[in-house]
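# Understanding the architecture of this molecule
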Amino acid sequence: MGRYGTRDSASPASAAGGTPTTPTQLFTNYRSCATDADRPTYIWGGDDLIVEGIPGTTDTSDNSQVSVRYQVWPVTDPVQTTTFTRDHATPGFEASGTLPSGSLAEGQIYAWRTQTVAGGAASDWSAPCYVTTDNSRPANAPSVSSPNYPPDKWNQGGEPAEFTLSANGVDDVTGFEYSWQQELPVISTTIEDHGVPEPLDPYSDPGYFTRADALGGSATLSLVPPSGSAGPMTLWVRSLDRAYSPSETTSYRFYISSTAPTVTPAVPSP
């Protein structure tokens, strides 16, 4: 059977009525299912691989528990398939299965699929989802430059600061995270009704994230420094790879002269 031998858990639940239906709402580590083997979901491999889908039966009025069967295999060697089952799942709600992180070779593309099992019958398998692990953070912090606010110098304020963010030689950087505060936001996932994850595309938030113009490329920003500020300013930036793993943080420090108005009396005081 090789390193990925097949294994089954306890026998499936059989109390549910109706015919099992193929699970829907498939997610990999709370990220949307990637259906193209050439464009898999990249995940950080330090955690277990969590796969999930919503099982069901044709009898939507029956909430009897069912089982959900999962299969995972390397795309280059489908014979090496791992099969595992989640028992006591509720139709209409996300049911997850877990594959230990040590079972996945870094950089190798895997496929997984799932089916509902109930009453001794099984649904059709779902279409495969594709995933690969990336256990390495970007090796270099990003480089930051500005044509109109040079670093470590006093600059006249009054206009947005233009920045160029570069991957600094890291070829799998997809974009950048930045803030005027040293504590950068954490990328998270919201869980909605029925346990359905709502994956967050960090690059949809232009207040803190920007996508690179190409994989391993660069991005440009036009930012207004904090309102009413003068004196030292620091922009904090880090790169994100395809698994959204962050690099070390780069700080870009510059100075803004005060733009506050001055008042000079027309007639000097006696």
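Owing to the predicted nature of the structure, the values given are computational and were not obtained by experimental measurement.

Helix and strand content of the protein chain: zero helices and 20 strands. Evaluated residue by residue, the protein chain yields a buried proportion of 42% over its 270 residues. Accessible area of the protein chain: about 13,900 Å², with a carbon and sulfur share of 49%.

Turning our attention to the environment of serine 145. Tracing the backbone shows serine 145 in strand β11 (residues 143–145). Residue classification places serine 145 among the partly exposed residues on the basis of a relative accessible area of 38%. Distance in space between the C-alpha atoms of serine 145 and threonine 220 is 9.7 Å, their sequence separation being 75 residues.

Let us look at the nonpolar core. Residues Phe163, Leu165, Phe176, Leu235, Val237 and Phe254 are the most contacted members of the largest nonpolar core, which totals 20 residues. Elements with a minimum of two residues in this core: β13 (161–166), β14 (173–179), β18 (218–223), β19 (231–241) and β20 (250–257).

Further remarks concern the state of the cysteines. As enumerated under the stated definition, the model contains one disulfide in all. The disulfide partner of cysteine 33 is cysteine 129, and the S-S distance across this bridge is 2.1 Å. Measuring handedness by torsion sign, the sulfur bridge of cysteine 33 and cysteine 129 sits at about -110° and is left-handed. With cysteine 33 in the loop between β2 (31–32) and β3 (41–43) and cysteine 129 in strand β10 (residues 129–133), this residue pair connects regions lying 96 residues apart in the sequence.

Our focus in this paragraph is the pattern of salt bridges. Throughout the structure, instances matching the rule amount to three salt bridges. Across the pair glutamate 177 and arginine 238 runs a salt bridge, and its minimum N-O distance is 2.9 Å. On the criterion of sequence distance, the pair formed by glutamate 177 in strand β14 and arginine 238 in strand β19 is long-range, its members being 61 residues apart. Residue classification places arginine 238 among the buried residues on the basis of a relative accessible area of 18%.

In space, the five strands of this open sheet follow the order β12-β20-β19-β14-β17, with mixed pairing throughout. Two strands bound the open sheet, and with one partner strand each, they are β12 (154–156) and β17 (209–211). Taken over all neighbouring pairs, the strand axes of this sheet differ in orientation by 35° on average, direction set aside.

Moving on, we come to the pairing of β10. With five of five residues buried, β10 is to be regarded as a mostly interior element. Of the two faces of β10, both are covered, the one formed by Cys129, Val131 and Thr133 as well as the one formed by Tyr130 and Thr132. One ladder, built from three bridges, connects β3 with β10; its direction is parallel. Paired with threonine 41 across the two strands is valine 131, which belongs to β10. As judged from the four bridges shared by strand β8 (residues 109–118) and β10, these two strands associate in the antiparallel manner. When the sheet's bridge partners are listed, alanine 111 is paired in β10 with tyrosine 130.

Attention now moves to the side chain of aspartate 62. Of note, aspartate 62 is situated in the loop between β4 (49–57) and β5 (66–74). Engagement of the side chain of aspartate 62 in a polar contact is seen with the side chain of serine 64, the distance being 2.6 Å.

Along the chain, the position of tyrosine 255 falls in strand β20. Spatially, the C-alpha atom of tyrosine 255 lies 7.3 Å from that of alanine 230, the residues being 25 residues apart in sequence. Discounting residues that sit within four places of it in the chain, tyrosine 255 has contacts with Asp152, Lys153, Trp154, Asn155, Gly231 and Pro232. Among the polar contacts listed, one links the side chain of tyrosine 255 to the side chain of arginine 253, at a separation of 3.3 Å.

What follows concerns the layout of surface pockets. The space that makes up the largest pocket amounts to roughly 1,100 Å³. In terms of lining, the largest pocket is formed by 37 residues, of which the most central are Arg31, Tyr42, Arg242, Ala243 and Tyr244. Take the lining of the largest pocket: its biggest share by element is three residues, from β3. Looking at the lining of the largest pocket, its residues break down into 19 nonpolar, seven polar and 11 charged.

Criteria and thresholds
Residues numbered from 1 in each chain as written. Predicted model: local features only at pLDDT ≥ 70, side-chain atom pairs only at ≥ 80, totals over all residues. Heavy atoms only, no water. Helix = DSSP H or I, 4+ residues; strand = E, 2+ residues; numbered from the N terminus. Buried < 20%, exposed > 50% of the residue type's maximum accessible area, 1.4 Å probe, protein only. Areas by Shrake-Rupley, 256 points an atom, 1.4 Å probe, with all protein chains shown as cover. Core = buried A, V, L, I, M, F, W, Y, C linked by side-chain atoms within 4.5 Å. Disulfide = S-S within 2.5 Å. Salt bridge = Lys/Arg side-chain N within 4 Å of Asp/Glu carboxyl O. Pairing = 2+ DSSP bridges. Axes fitted to C-alpha atoms, helices over the stretch in contact; angles between N-to-C directions. Polar contact = N/O pair within 3.5 Å; in protein donor to acceptor, adjacent residues only side chain to side chain. Contact = heavy atoms within 4.5 Å. 1 Å grid on protein atoms, 1.4 Å probe; cavity = no way out; pocket = protein on both sides within 12 Å on 5 of 7 lines; lining within 4 Å. Points joined across faces, edges and corners; volume = space filled by probe spheres on them. Nonpolar A, V, L, I, M, F, W, Y, C, P; charged D, E, K, R; others polar.

Just geometry here; none of it tells us what the structure is for.
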